[in-house]
Amino acid sequence: MPSLLGIDNGLTVTKAVIFDVDGRQLAVARRRVPQSMPAPRSVERDMAGLWQATAEAIREAIALSGRPADDIKAVAATAHGDGLYLLDAERKPLGPGILSLDSRAWAVVDRWEKEGLFDPALAETGQMPHASAPSALLAWIRDNQPGRYTRIAHVLACKDWLRFCLTGTVGTDRTEASTSFTNVRSQEYSAEALRLYGLESLSGALPSIRHSAEIVGEVTAEAAALTGLGRGTPVASGLHDVTASALGIGGHEDDVVSIVAGTYSINEVVSTAPKLDARWFCRNAIAPGRWNNMSISPASAANYDWFLDTLCGKDHAEAAASGESIHAMLAKEIDEALGRPSTILFHPYLFGSPFGNLASASFVGLHGWHDRSDMLKAVLEGIVFNHRFHVEALRQGFPCREVRLTGGVSRNASFAQMFADALNLPVTVAGVDEAAAFGAALCAGAAVGQFASPQDGARALVARARVFEPDPARARTYDERFAVYTGIAEALKPHWDRLESLGAKQAGSPA
């Protein structure tokens, strides 16, 4: 049976996953990709190092699959959206890649809001700019690194850089093109969008747009030598990882909300017409005449990871020594905490929030009789509540009959049930572990005729999914807790900027 390779590059790990055309995962290999933070709010990584790590993962995945590389009929990549990966005129990296966790451009966005740019940006592009948007980052480089700015020849997203490394071709797909510079109705690049942001000089640096499931090149001899792939293997354009994750769990269907509980809180609905609202991005979906409406914030499972890293060090060591997953080790503790009442609420704004760049995380309702498990339960509940904040916005604009859920923590049945109860909707957890990589593989398969379309290939997964139905009593309890959660967040709004100012003053004080 032929196989497909999906590459999924996140913010800390790059993965190569090989699938049969029926969606069965044959092999997965991972490599960590180090981040650097050379200044406050700057989050970067070496572009050459990213490609090297990805190539190593591909080679290992091929070896683990037990099949020859020639069985792989097509390849496609997905990766974190937004951020920037720049090339100069010689197609060499122009500085490190900038990740979507980067917030150095927050002051640019703040200025644009004060200047009244948000409304025309929403009307033209279907979204308002944010700190890690290509528009904001390019404006920051223009203002702070003019020498680098004048040398920009190609503005790429992360997965486009991996495509270039595989094929030597420069370009992007419809989903990635719409992160800043396309007209929301035509779905093509907009000169007006560039003018709004003062970036007209970069019109020639925007990459050509192709369909996500379109062959855009072949694996070069150099890439084949590094990865172990067959030279000439077709490579499809690929897609933005948010879209890939939804595709990989069968979420590109009518009246379905797709939720990705990863680093970001991703909540999205595909529609047949654009609908503009400040609470979501209206971006291109895979097919022309379809839009992907995303309500997002960097406030999801990264909070859970932080809790494990900060407060579960001993458990990490025990898990490493035993070979057991730390998530499995803590599952019983989580289940016990879920079974008892608690006054603790957690606002999961460690890395960002729906309330602006200055919001911060907090535990409230914490008492001396609470223990770590109570705090962990609150963290998980806070993550779910932040998703609910976004889903409620989307439900005001689009019909919704069910939720499709993916993300590492969604493998915990108690956590998935919490989503169903807190949203009061059926929640389907798809039977695929690597949803984004599978979404990329679906595009690769459709590009070479294995599926009629990427969406058609995804429908086979539904039979292997698990459905969690909401419990009415628990749903009412979560309604009450969510009302308090949002009320406290609203009350804290005027104090977050004061806290930021206090921190800045303390940093400037003599030792």
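Above this text sits the structure in question.
Every value quoted in this text rests on a predicted model; they were computed, and no experiment measured them.

A. Here's a closer look at the overall build of the protein. Along its length, the protein carries 18 helices and 22 strands. Radius of gyration (C-alpha) of the protein: 22 Å, near the 24 Å computed for a compact globule of 511 residues. Once the C-alpha set of the protein is aligned to its principal axes, its extents read approximately 65 × 55 × 50 Å. In the protein, which comprises 511 residues, the share counted as buried stands at 58%. Here the protein has roughly 19700 Å² of accessible surface; of this, 53% comes from carbon and sulfur atoms.

B. Inspection of the environment of Val 384 at higher detail. Tracing the backbone shows Val 384 in helix 14 (residues 372–395). Separated by 32 residues in the primary sequence, Val 384 and Ala 416 place their C-alpha atoms 9.4 Å from one another. Sequence-distant contacts of Val 384, that is, excluding residues within four places in its chain, are made with Phe 415, Met 418, Phe 419 and Ala 422.

C. Structural view of the pairing of strand 20 (residues 402–406). A large share of strand 20 lies buried, amounting to five of its five residues. Going residue by residue along strand 20, you find Glu 402, Arg 404 and Thr 406 tucked away on one face and Val 403 and Leu 405 tucked away on the opposite face as well. Of the strand pairs in this sheet, strand 14 (residues 256–261) and strand 20 are connected by five bridges, and their pairing is parallel. The partner of Val 260 across the bridge, within strand 20, is Thr 406. Bridge analysis of strand 20 against strand 21 (residues 427–429) gives three bridges, and the strand direction is parallel. Paired with Val 403 across the two strands is Val 427, which belongs to strand 21. For the handedness criterion, the β-α-β arrangement of strand 20, helix 15 (residues 413–423) and strand 21 is classed as right-handed.

D. Up close: the pattern of salt bridges. Counted according to the given criterion, the structure contains 35 salt bridges. As a salt-bridge pair, Glu 434 and Lys 15 come within 2.8 Å of each other at their nearest N and O atoms. With a gap of 419 residues between them, Glu 434 in the loop between strand 21 and helix 16 (435–447) and Lys 15 in strand 2 (residues 13–20) connect regions that are remote in the sequence. Lys 15 carries the same exposure label as Glu 434, and that label is buried. Residue Arg 195 is joined to Glu 192 by a salt bridge in which the shortest nitrogen-to-oxygen separation is 2.6 Å. Within this pair, Arg 195 and its partner Glu 192 are both found in helix 8 (residues 191–196), separated by three residues, close to a single helical turn. Given the relative accessible area of 32%, Glu 192 is considered partly exposed. Through salt bridges that share partners, Asp 8, Lys 15, Arg 30 and Glu 434 make up one connected network.

E. Representation of the sheet that holds strand 15 (residues 265–271). The strand order across the open sheet built from seven strands is 16-17-15-14-20-21-22, with neighbouring strands paired in mixed fashion. Strands with a single pairing partner mark the edges of an open sheet, and in this sheet they are strand 16 (281–284) and strand 22 (466–468). Each strand of the sheet is rotated relative to its neighbour by a mean of 30°, with strand direction disregarded. Lying over the sheet, helix 14 contacts strand 14, strand 15 and strand 17 (291–297), oriented at roughly 20° with respect to strand 15.

F. The arrangement of helix 6 (residues 158–167) in detail. Most of helix 6 is tucked away: 10 of the 10 residues are buried. Where helix 6 is concerned, the buried positions are Cys 158, Lys 159, Asp 160, Trp 161, Leu 162, Arg 163, Phe 164, Cys 165, Leu 166 and Thr 167. Positive phi shows up at Gly 168, right after helix 6, with a value of about 80°.

G. Broad picture of the pairing of strand 14. Taking burial as the measure, the six residues of strand 14 include six buried ones, the bulk of the element. Connecting strand 14 to the antiparallel partner strand 15 that follows it, the hairpin turn spans three residues.

H. Summary view of the packing of aromatic side chains. One pass over the structure, following the stated rule, counts 15 aromatic pairs. With a centroid separation of 5.1 Å and an interplanar angle of 80°, the aromatic rings of Phe 415 and Phe 419 are classed as edge-to-face. With a gap of four residues between them, Phe 415 and Phe 419 both fall in helix 15, about one helical turn apart. Of the two residues examined, Phe 415 and Phe 419, each falls in the buried class. Three or more aromatic residues link up through ring pairs in this structure, and these residues are Tyr 349, Phe 355, Phe 389 and Trp 496. Taking NZ or CZ as reference, Arg 104 lies 5.0 Å from the ring centre of Trp 140, over its face. The ring centre of Phe 398 lies 5.3 Å from the NZ or CZ of Lys 275, which sits over that ring.

I. Here's a closer look at unusual backbone geometry. In this model, Gln 187 sits at a positive phi of 65°, which is unusual for a non-glycine residue. Counting through the fold element by element, Gln 187 comes out in the loop between helix 7 (174–177) and helix 8. What makes Gln 187 buried here is its relative accessible area of 5%. Of note in this structure, Asp 255 is not a glycine but carries a positive phi near 65°. Within the secondary structure layout, Asp 255 lies in the loop between helix 10 (241–248) and strand 14.

J. Up close: helix 16. Between its first and last C-alpha, helix 16 extends 18 Å over 13 residues, near the 18 Å set by a 1.5 Å rise per residue. Ala 435, Ala 436, Ala 437, Phe 438, Gly 439, Ala 440, Ala 441, Leu 442, Cys 443, Ala 444, Gly 445 and Ala 446 are the residues of helix 16 that are buried. Note on helix 16: the residue one or two positions beyond its end, Gly 449, has a positive phi of about 85°.

K. Highlighting the side chain of Lys 159. With respect to the helices, strands and loops of the structure, Lys 159 is situated in helix 6. Residue class for Lys 159 comes out buried when judged on its relative accessible area of 1%. In this structure the side chain of Lys 159 is engaged in a polar contact, spanning 3.3 Å, whose partner is the side chain of Glu 176. Excluding residues within four positions of it along the chain, Lys 159 makes contact with Ala 77, Thr 78, Ala 79, Thr 172, Asp 173, Glu 176, Ser 237, Gly 238, Leu 239 and His 240.

L. Structural view of the packing of helix 12 (residues 313–322) against helix 13 (residues 326–338). Between helix 12 and helix 13, the shortest axis-to-axis distance is 9 Å and the interhelical angle comes to 125°. Relative to helix 13, helix 12 is oriented oblique. Facing Asp 315, His 316, Glu 318 and Ala 319 of helix 12, the residues of helix 13 in contact are Ile 326, Met 329 and Leu 330. Per-class residue counts for the contact of helix 12 with helix 13 are four nonpolar, one polar and two charged.

About the criteria used
- Residues numbered from 1 in each chain as written.
- Predicted model: local features only at pLDDT ≥ 70, side-chain atom pairs only at ≥ 80, totals over all residues.
- Heavy atoms only, no water.
- Helix = DSSP H or I, 4+ residues; strand = E, 2+ residues; numbered from the N terminus.
- Rg over C-alpha atoms; globule rule 2.2 N^0.38 Å.
- Buried < 20%, exposed > 50% of the residue type's maximum accessible area, 1.4 Å probe, protein only.
- Areas by Shrake-Rupley, 256 points an atom, 1.4 Å probe, with all protein chains shown as cover.
- Contact = heavy atoms within 4.5 Å.
- Pairing = 2+ DSSP bridges.
- Right-handed = clockwise from strand over helix to strand, strands pointing away.
- Salt bridge = Lys/Arg side-chain N within 4 Å of Asp/Glu carboxyl O.
- Axes fitted to C-alpha atoms, helices over the stretch in contact; angles between N-to-C directions.
- Phe/Tyr/Trp six-rings, centres within 6.5 Å; stacked < 30°, edge-to-face > 60°.
- Lys NZ or Arg CZ within 6 Å of the ring centre and 35° of its normal.
- Expected span 1.5 Å × (residues − 1).
- Polar contact = N/O pair within 3.5 Å; in protein donor to acceptor, adjacent residues only side chain to side chain.
- Parallel < 35°, antiparallel > 145°, perpendicular 65-115°, else oblique.
- Nonpolar A, V, L, I, M, F, W, Y, C, P; charged D, E, K, R; others polar.

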